[in-house]
Amino acid sequence: MTIRIGYQSGRSPFNNVISYLDQHGESQPNKIALKWVDMATKAAWVADSKTTLIHKEISYGDLQKRIVACAAALKEKGLRAGDRVIVFLPMSVEMYVAMFAVQRLGAISVFLDSWARSHHLGASAKCVEPRAMISFSKAFELVNPIPEFSCLEIKVCLDSKPDDGMIPLASLIASDLTDCPMEPVQSEDTALITFTTGSSGTPKGANRTHRFLCAQHEALQETIAYTDTDVDLPAFPIFSLNNLASGVTTVLPAIDLAQPSDSDGELLAAQLIAQSCSCATLSPNMLRLVSAYCEKHGIQLERVRRMTTGGAPISKDDVKEFLNIAPESDVMVLYGSTEAEPMAHISGREMIALPTNEDPEIIERGVNVGEIYEKLDFKFIRIHRDPVDLAKTPWAELEVEMGKVGELLVSGDHVCRDYYNNPGAFAKAKIADGEKIWHRTGDLGFLDSDKRLWIVGRIHNVIERAGECFFPVQAEILLKRISGVKRGAFLGFPCSKLGNKNVLAVELDSGADVSKVRDEARRIFRKNEIVVDEFYQVAEIPMDPRHFSKVEYGILRDKILEDKSENLWK
Amino acid sequence: MRKLYVVLGSPQCADFDLEELRKEFKESEFSFEIVAHEDVEKCLKAATEADLFLAYSMGVFFVLKEMEHLRERRLKILLLSPFVVQERPLSLVARLLMGVNFIKQTLLTKGARKMAIDFVNSCTFNSDKWERREEAISSYSDVKKWDMAIDSKLKQQMSSSLQPISGRHQAMVLLGREDRAMNVQMQLQALERVLNFDIAYVPSAGHALLWTHSKQVAVAIQKLIGDRA
């Protein structure tokens, strides 16, 4: 009988999510688990892209041995179940060994957000009170003077020097210890905490329990299934974890995920080709870069059978461009978030084939993200910006009629139930419904008659004008289609009469005529029955710095107001 | 008299007064030369008499760049709120100009001292508006919007790679504990270029600690110079 990992009653080693790796280490010890490019090889390739991109590799058997050795050595150093361990390392084999070794002991791996403002470091440490940290010397130098890190008792360093008082990570991994049984845990014990960027207040650490991680793996397995022979290149760490739990060969991206670069397309394409990857998981921006590079150089990705993408809207054009350079493949567009991945999915070919309005100038009011994952419970509630307490506001007052736009709520085993040691974040993002916890996605959407989920915007971007709601997604797709528009945004400006005014902002291509763009926008928006009150030309539409795929509305609004830009809609 | 070069990231920054910092030293102790990126190369190559380089924010990039040419010397460098990002030079320049533009506008209307106080206060009091400005710094990839020309030399400097500086130099890194202009990644990128350094945080200081926490900066200078270790 197959044991379902993460679903055992009481304390059990089979609740520990690392049990998946034990199984692969025993059943397929010689299969390659990870492949990666070392720094020297990458540097040589950057200097001359004709250089062969040689990948190093490790098998599931050897990975398992390293994890056990590292875990046993950490145990000898005093690490115990429940201890919080900051793992701050680049995406590398060492990072995975360290993280899994910690979890094998029933301790908790904590991932800080390197994109967070530096003053959040102390706040994150205060939140989790780490007992140990596994990182590199510069990171230790950065955190050592911060008082909240004074609780660190065990410091493990990737590049430690003699007499620096830290434990070399290599010595733990190379220890000849082989006896470190899997720590039994409760399914709802925390396995992993991942901090996300916030601009103020206490940083939010998603509390990922062993059950949550196992359920997420099951959900991803059902949504994007792998075969025994697949080789996958995932740019998102959570997908690498899923791969390792699935026993799939994983190629680590050689690009610097912290520093997106226009040359990423070339490097990713080189890896996909060199390693004969059959699958990959990339952000929409990375996908566009790979497509553009391959298109420009006449390259076909013949081995790729599936490209998974998500994290930001992706257009039919993006899908078509990728299918042009990988004609044997399909694109799988996932809709999900840190707290729930996946929530819905749609195949790229299906997306392209969806019927559209007979008039090509009329477009839908949102993005079709496909079918909601079948094991996910969901609801839509009216726009409600404050925390929800069901004792005060029952569902009957909150829920919207099916088919109407509302905020999407989800609940299920692979939905993160809370934030570590942060009741304030819980109140804002969750709704307690007896034993059930609902996650507020912050996304506004509706379900169509074919049970497909449409996302029309974020709750904080909805424009409430004269009692009617307007959403940016549809308007921005329309703007993108207008010749001369490089980027466009649709946002609300406060207005004493209407509540909000509907404002269009455009960044134009070089040489484009703003009056022609405005006139075309006037015609096309009237046709789509979208009211516009003001129109501005801006030098640049600000985008999120991380993925460069979402408009920063607050910044754009401030800039237009501060510059006292001229309204060209008159 | 000892020579102290203060290296800032832009000509506009170089206009700022360091009156408070000067007050921390007797007139005879140091002579201050305040320079911006346009003058750094010339200044550093000729600056054999310099006792200490004090580099602030983007100025750290330029000092580290010049240090590559001064590997044989043993220099003392104080790095304040170091800011080093590469590979997306336009984004980098946009960040620089965003900050400079804001500071310049405030400087023109309120004066440097008031500007610095506003700057750090907005960090301390967690102003939403400032938070959005901070986010804006990293949200633009282009700089046209700032109406400030970026000279080709600056672009070239930004695009070239930065090697770790020699361990012969002695460096101290001073960071504002409440610095919201920097993320962890950027700070690490700066530290990775310096092989031999001590690091300290100034409690309640933001990114502009050169102006707002001159006492602590003066103590760091003295410590590095070795007068009052």
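Residues numbered from 1 in each chain as written. Chains lettered and ligands numbered in written order. Predicted model: local features only at pLDDT ≥ 70, side-chain atom pairs only at ≥ 80, totals over all residues. Heavy atoms only, no water.

### Here's the deal with the sheet that holds strand β5 (residues 132-135) of chain A
All names here are of chain A. Strand order in the open sheet formed by 7 strands is β7-β6-β5-β3-β4-β8-β9, and the pairing between neighbours is mixed. The open sheet has two edge strands, β7 (167-168) and β9 (204-209), and neither has a second partner. When strand β4 (residues 108-111) meets strand β8 (residues 190-196), the two strands line up parallel, connected through 3 bridges. Residue pairing in the sheet places Val110 in a bridge with Ile193 of β8. Relative to the sheet, helix α5 (residues 120-128) contacts β3 (84-87), β4 and β8, its axis offset from that of β8 by approximately 155°. (Pairing = 2+ DSSP bridges. Helix = DSSP H or I, 4+ residues; strand = E, 2+ residues; numbered from the N terminus. Contact = heavy atoms within 4.5 Å. Axes fitted to C-alpha atoms, helices over the stretch in contact; angles between N-to-C directions.)

### Describing helix α18 (residues 553-563) of chain A
Residues Tyr553, Gly554, Ile555, Leu556, Asp558, Lys559 and Ile560 of chain A constitute the buried set of α18 of chain A. At the exit of α18 of chain A stands Lys564 of chain A, carrying a positive phi of roughly 50°. (Buried < 20%, exposed > 50% of the residue type's maximum accessible area, 1.4 Å probe, protein only.)

### Let's talk about the side chain of Asn461 of chain A
Considering the arrangement of structural elements, one finds Asn461 of chain A in the loop between β21 (452-458) and β22 (463-465). Beyond its immediate stretch of four places on either side in the chain, Asn461 of chain A contacts Pro472 and Tyr553 of chain A.

### Digging into the pairing of strand β20 (residues 436-447) of chain A
Residue and element names in this part refer to chain A. Taken across its 12 residues, β20 has 11 buried, putting it largely inside the fold. Inspection of the sheet shows strand β18 (residues 406-411) paired to β20 by 4 bridges, in the antiparallel sense. If you follow Val410 over to β20, its bridge partner there is His439. Direction of pairing for strand β19 (residues 430-433) relative to β20: antiparallel, over a ladder of 4 bridges. From the neighbouring strand, Ala432 faces β20, where its bridge partner is Ile437. Here β19 hands over to β20 after 2 residues, with Gly434 in that stretch at a positive phi of 65°. From the end of β20 to the start of β21, which pair antiparallel, there are 4 residues, and Lys451 there has a positive phi angle of about 65°.

### Focus: the sheet that holds strand β26 (residues 534-537) of chain A
Residues and elements named next belong to chain A. Here we have 3 strands laid out as an open sheet, ordered β24-β25-β26, and mixed in their pairing. The open sheet terminates on both sides in strands that have one partner only, identified here as β24 (485-495) and β26. Here the strands of the sheet are splayed against their neighbours by 25° on average, with no regard to which way each runs. Examined bridge by bridge, strand β25 (residues 499-508) and β26 share 4 bridges and lie parallel to one another. The partner of Val503 across the bridge, within β26, is Glu534. Relative to β24, helix α16 (residues 472-481) is tilted by about 145°, and along the sheet it contacts β24 and β25.

### Digging into the pattern of salt bridges
All names here are of chain A. For the structure on display, the rule yields 29 salt bridges over all chains. A salt bridge links Glu57 to Lys35, with the nearest nitrogen and oxygen atoms 3.9 Å apart. Note that Glu57 is positioned in strand β2 (residues 56-59) and Lys35 in strand β1 (residues 32-36), a separation of 22 residues in sequence. The exposure class of Glu57 is partly exposed, given its relative accessible area of 45%. For the salt bridge of Lys486 with Glu507, the shortest nitrogen-to-oxygen distance reads 3.6 Å. Taken together, the positions of Lys486 in strand β24 and Glu507 in strand β25 put the pair 21 residues apart, joining distant regions of the chain. By relative accessible area, Lys486 is classed as partly exposed at 41%. Taken together, the shared-partner salt bridges in this structure form one network comprising Asp359, Glu361, Glu520, Arg523 and Lys527. (Salt bridge = Lys/Arg side-chain N within 4 Å of Asp/Glu carboxyl O.)

### Here we look at the packing of aromatic side chains
Each aromatic ring pair is specified by the distance between its two centres and by the angle formed by the two planes. All names here are of chain A. Per the counting criterion, the structure on display carries 9 aromatic pairs over all chains. Their ring planes at 35° and their centres at 5.9 Å tell us that Tyr96 and Phe100 sit as a pair that is tilted. With Tyr96 and Phe100 both in helix α4 (residues 93-104) and 4 residues apart, the pair spans about one turn of that helix. Neither Tyr96 nor Phe100 differs from the other in exposure class; each is buried. Looking at Arg4, its charged tip hangs above the ring of Tyr7, at a distance of 3.6 Å from the centre. Here Arg522 stacks its cationic end above the ring of Trp569, 4.6 Å away from the centre of that ring. (Phe/Tyr/Trp six-rings, centres within 6.5 Å; stacked < 30°, edge-to-face > 60°. Lys NZ or Arg CZ within 6 Å of the ring centre and 35° of its normal.)

### Some remarks on the packing of helix α1 (residues 19-27) of chain A against helix α3 (residues 60-76) of chain A
All names here are of chain A. The geometry of α1 relative to α3 is characterised by a closest axis approach of 8 Å and an angle of 130° between their N-to-C directions. Accordingly, the angle class assigned to the pair α1 and α3 is oblique. Between α1 and α3 the crossing geometry is left-handed. Facing Leu21, Asp22, His24 and Gly25 of α1, the residues of α3 in contact are Tyr60, Gly61, Leu63, Gln64 and Ile67. (Parallel < 35°, antiparallel > 145°, perpendicular 65-115°, else oblique. Left-handed = near helix turned anticlockwise from the far one by under 90°.)

### Re unusual backbone geometry
All names here are of chain A. For the bond running from Glu341 to Pro342, omega is 0°, close enough to zero to count as cis. Looking at the secondary structure, you find Pro342 in the loop between β14 (330-335) and β15 (344-347). In this model, Glu529 sits at a positive phi of 60°, which is unusual for a non-glycine residue. Residue placement: Glu529 occurs in the loop between α17 (514-527) and β26.

### Things to note about the side chain of Glu339 of chain A
All names here are of chain A. Within the fold, Glu339 resides in the loop between β14 and β15. This buried residue, Glu339, is left without a salt bridge; Lys204 holds the nearest opposite charge, at 4.2 Å. Of note is the side chain of Glu339, whose polar atom sits 2.7 Å from the side chain of Tyr419. When sequence neighbours within four positions are dropped, the list of residues in contact with Glu339 reads Lys204, Phe212, His414, Val415, Cys416, Tyr419, Lys430 and His439. (Lys, Arg positive; Asp, Glu negative; His and termini not counted. Polar contact = N/O pair within 3.5 Å; in protein donor to acceptor, adjacent residues only side chain to side chain.)

### Observations regarding α4 of chain A
Residues and elements named next belong to chain A. Taking 1.5 Å per residue as the helical rise, α4 with its 12 residues ought to reach 16 Å, and the 16 Å between its terminal C-alpha atoms agrees with that figure. Of all the 12 residues making up α4, 11 are buried; the element is thus mostly covered by neighbouring parts of the structure. What α4 keeps buried is the set Val93, Met95, Tyr96, Val97, Ala98, Met99, Phe100, Ala101, Val102, Gln103 and Arg104. Gly106 lies just past α4 and shows a positive phi near 80°. (Expected span 1.5 Å × (residues − 1).)

### Let's talk about the confidence of the model for chain B
Interpreting fine coordinate detail is not advised for predicted regions of low pLDDT. Residue and element names in this part refer to chain B. Across chain B, the average pLDDT comes to 67, with 51% of residues at 70 or higher. Contacts of residues 87-92 to residues separated by more than four positions or lying in other chains number 16 contacts, the stretch itself having pLDDT below 50. Long-range and interchain partners of residues 120-151, a stretch whose pLDDT sits below 50, account for 86 contacts in this model, where long-range means more than four residues apart. For this predicted complex, the interface confidence score (ipTM) comes to 0.75, while the overall pTM stands at 0.85. (pLDDT = per-residue confidence, 0-100.)

### A short note on the environment of His210 of chain A
Residue and element names in this part refer to chain A. Mapping His210 onto the fold places it in helix α8 (residues 210-223). On the accessibility criterion, His210 (0% relative accessible area) is buried. Note: C-alpha distance between His210 and Ser187 (23 residues apart in sequence) is 5.4 Å. If we ignore the near neighbours within four places in the chain, the residues touching His210 are Asn15, Asn16, Val17, Gln103, Val185, Gln186, Ser187, Asp189, Thr190 and Ala191.

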